[in-house]
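Descriptive analysis of the structure
One-letter residues, chain by chain:
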Amino acid sequence: MTDFGVYLLQTSLCIGAFYVLYLIFFRKSTFFRANRTYLMGSLLLSFVIPFFEFSSVDPDYHLSPSEFLAYVVSPDMDIAPDRLVTALPPENVSILGLAYWIGFGFMLLRFLLSIGGLVRLARRAGVSREESMRIVRTGISQPFSFFNLIFLPMIKTNPLVLEHEKAHVRSHHWIDLILIEIAGAILWFNPMMIFYKRSIKIQHEYEADSAVISSGISVRLYLDCILHQLQAENLSMPVSQFYSQNIKNRIVMITRKKTPFSLSFLYVLFVPMTCLLLFAFAKPSVRTFPDDLTLGDESSVVIVVDAGHGGNDTGSASARLHEKEFALAMAKNIQKAGEANNIKVILTRTDDEALGLKERVAIAKRYKVDAFISIHANYDEKDATSSGIECVVSEKNGQFEASERLAAVLLQELRALDGISVNGIKKSNAYILAESTAPAILLEIGYLSNESDNAYVGDTNNQQKISERIVAAVLEYTK
């Protein structure tokens with residue numbers, strides 16, 4: 001499942017959890033405005049919770065020229081032709097993804113057409129002003145409202161109906177209707193959204209009914225007014241309508257005894273529910289790597305590929321690329337290329353999460369890997385002409401000579417690429433290199449500040465080629 005698919009699933013589960021809480025505790029209460037606030041707040045929060053990230057780790061570093069201790073040009077090395085890697089298999093087209101976007105497009109188009117229909121209806125009809133509202137007289141049989149427009153039939157309308165629709169306009173219920181329609185389009189596959197929308201609309205009606213009665217209108221007189229259309233049908237448009245299939249429920253709520261104010265404390269249940277969902281779906285700051293990872297037999301080559309940055313730490317960025325996203329894409333490409341060539345590739349992160357430097361190094365220590373490769377992209381704020389691929393090693397690494405050899409082999413492989421230059425080996429005592437117990441290198445794949453480099457590394461075909469060269473270098477280094 002894609003990251004977006006996981007996000008949609010998590011959002012749906014959040015909405016479901018909040019809605020169950022509403023059905024159990026709030027649905028029959030007469031706190032209409034509070035219920036409306038709860039439903040809309042829960043809806044919006046459900047879309048936000050999966051984005052939350054509790055980041056307590058130190059941000060990943062980005063090496064500046066002042067941190068480099070030395071610059072070494074790696075010697076040319078001959079790479080045997082039989083060490084070339086197998087090309088990556090093509091990506092499969094996601095049928096589910098295609099189906100989702102078709103469904104979303106249909107629902108969005110349906111919503112936009114309904115809004116367009118309301119606009120055309122208002123333009124063709126006679127419009128009069130009353131307060132800050134506009135009264136639209138049309139040939140429709142049912143009164144309803146949207147935005148600051150109140151649509152009424154040409155025949156004489158009961159003043160209580162008009163007051164009810166004015167209450168909708170004053171409460172800005174149209175904003176809720178637009179938001180729930182958009183949410184319904186995004187989560188069109190979730191049948192719960194149908195019931196969620198109905199609950200929001202019925203709370204609108206309860207609130208408008210309460211506003212009219214609170215103005216001094218007799219309950220009996222008001223009930224006589226709404227009883228005229230018990231069999232009215234709901235309009236499919238995002239509007240607030242006086243006559244609908246919800247009238248029976250409205251009569252029950254109008255005549256219901258007011259909910260004791262002391263029960264309003266139940267709304268504090270929203271807080272633990274939110275905390276529970278945050279705990280369940282928010283991105284963690286630290287990820288524990290599985291202890292049961294299968295590395296294969298002892299003869300297998302095992303490497304750790306570290307996608308730099310992540311989470312709130314975006315690294316370098318250009319208009320086209322963010323370093324954290326580029327590094328993760330490269331890491332996944334290397335993993336695919338490695339598996340096609342019998343190399344076990346462990347990724348320090350598999351999604352957009354914050355990860356501490358100590359944890360990145362600990363992963364390599366735990367599995368006693370053959371090499372540790374950290375993927376980054378460079379950036380030069382002062383000179384946009386700076387370009388090329390660079391490899392960084394640390395003299396404090398316990399296997400410095402092996403790290404330097406791996407870097408030399410790697411750069412020699414990358415020189416086979418056409419379209420980007422390869423500079424050489426640099427030295428730095430960066431933590432992730434110095435503390436690694438395995439031969440460790442940091443690979444800066446181009447400069448995002450350089451237009452040519454940016455275009456080259458941003459191309460998915462080139463990313464695949466670079467990944468294949470990296471795997472070829474690992475095969476040469478470990479043979």
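What counts and what doesn't
- Residues numbered from 1 in each chain as written.
- Predicted model: local features only at pLDDT ≥ 70, side-chain atom pairs only at ≥ 80, totals over all residues.
- Heavy atoms only, no water.
- Salt bridge = Lys/Arg side-chain N within 4 Å of Asp/Glu carboxyl O.
- Helix = DSSP H or I, 4+ residues; strand = E, 2+ residues; numbered from the N terminus.
- Buried < 20%, exposed > 50% of the residue type's maximum accessible area, 1.4 Å probe, protein only.
- Expected span 1.5 Å × (residues − 1).
- Polar contact = N/O pair within 3.5 Å; in protein donor to acceptor, adjacent residues only side chain to side chain.
- Phe/Tyr/Trp six-rings, centres within 6.5 Å; stacked < 30°, edge-to-face > 60°.
- 1 Å grid on protein atoms, 1.4 Å probe; cavity = no way out; pocket = protein on both sides within 12 Å on 5 of 7 lines; lining within 4 Å.
- Points joined across faces, edges and corners; volume = space filled by probe spheres on them.
- Nonpolar A, V, L, I, M, F, W, Y, C, P; charged D, E, K, R; others polar.
- Lys, Arg positive; Asp, Glu negative; His and termini not counted.
- pLDDT = per-residue confidence, 0-100.
- Contact = heavy atoms within 4.5 Å.
- Pairing = 2+ DSSP bridges.

Turning our attention to the pattern of salt bridges. Two side chains bearing opposite charge may form a pair once their charged atoms approach each other closely. Under the definition given, this model contains 14 salt bridges. Put simply, Asp209 and Arg250 hold a salt bridge, and the shortest N to O gap is 2.8 Å. In this pair, Asp209 sits in helix 6 (residues 192-214) while Arg250 sits in helix 8 (residues 247-255), placing the two residues 41 residues apart along the sequence. By relative accessible area, which is 0% here, Arg250 ends up buried. It is possible to trace a salt-bridge network through shared partners that takes in Arg33, Arg36, Asp176 and Glu207.

Along its 19 residues, helix 15 (residues 460-478) runs 27 Å from first to last C-alpha, staying within 8% of the 27 Å computed at 1.5 Å per residue. Judged by how many residues are buried, helix 15 sits mostly within the fold: 14 of 19 residues are covered. Of the residues that open helix 15, the one with a side-chain oxygen 2.9 Å from the backbone nitrogen of Asn461 is Asp459.

To continue, consider the packing of aromatic side chains. On inspection of all chains with the given rule, the structure shows 23 aromatic pairs. Where Phe146 meets Trp174, the ring centres are 6.3 Å apart and the plane angle is 70°; that geometry is what we call edge-to-face. With a gap of 28 residues between them, Phe146 in strand 4 (residues 144-146) and Trp174 in helix 5 (residues 173-186) connect regions that are remote in the sequence. You can call Phe146 buried: its relative accessible area is 12%. Judged by its relative accessible area of 22%, Trp174 is partly exposed. Grouped by ring-pair contacts, the aromatic residues Phe4, Tyr7, Phe51, Tyr100, Trp101, Phe104, Trp188 and Phe189 constitute a single cluster.

Tallied over the full model, the rule gives one cavity of 30 Å³ or more. Here the largest cavity defines a volume of roughly 30 Å³. Along the walls of the largest cavity sit Ser145, Phe146, Phe147, His168, Val169, His173, Trp174 and Ser240, which together make up its complete lining. Taken together, the residues that form the lining of the largest cavity break down as four nonpolar, four polar and no charged.

In this section: the side chain of Arg349. Tracing the backbone through its elements, the reader meets Arg349 in the loop between strand 8 (343-347) and helix 11 (357-367). Although Arg349 is buried, it forms no salt bridge, and the closest oppositely charged side chain is Asp352 at an N-O distance of 4.5 Å. Of the polar contacts made by the side chain of Arg349, one reaches the backbone oxygen of Lys324; its length is 2.8 Å. A polar side-chain atom of Arg349 sits 3.0 Å from the main-chain carbonyl oxygen of Asp351.

Model confidence for the chain is summarised by a mean pLDDT of 85, while 85% of its residues fall at 70 or above. Contacts for the low-pLDDT stretch residues 75-84, under 50 throughout, to residues beyond four places or in other chains number 19 contacts. Contacts of residues 86-93 to residues separated by more than four positions or lying in other chains number ten contacts, the stretch itself having pLDDT below 50.

Pairing is mixed across the open sheet formed by five strands, whose spatial order is 2-3-5-4-6. Of all the strands in the sheet, the pair left with one neighbour each is strand 2 (126-130) and strand 6 (240-241).

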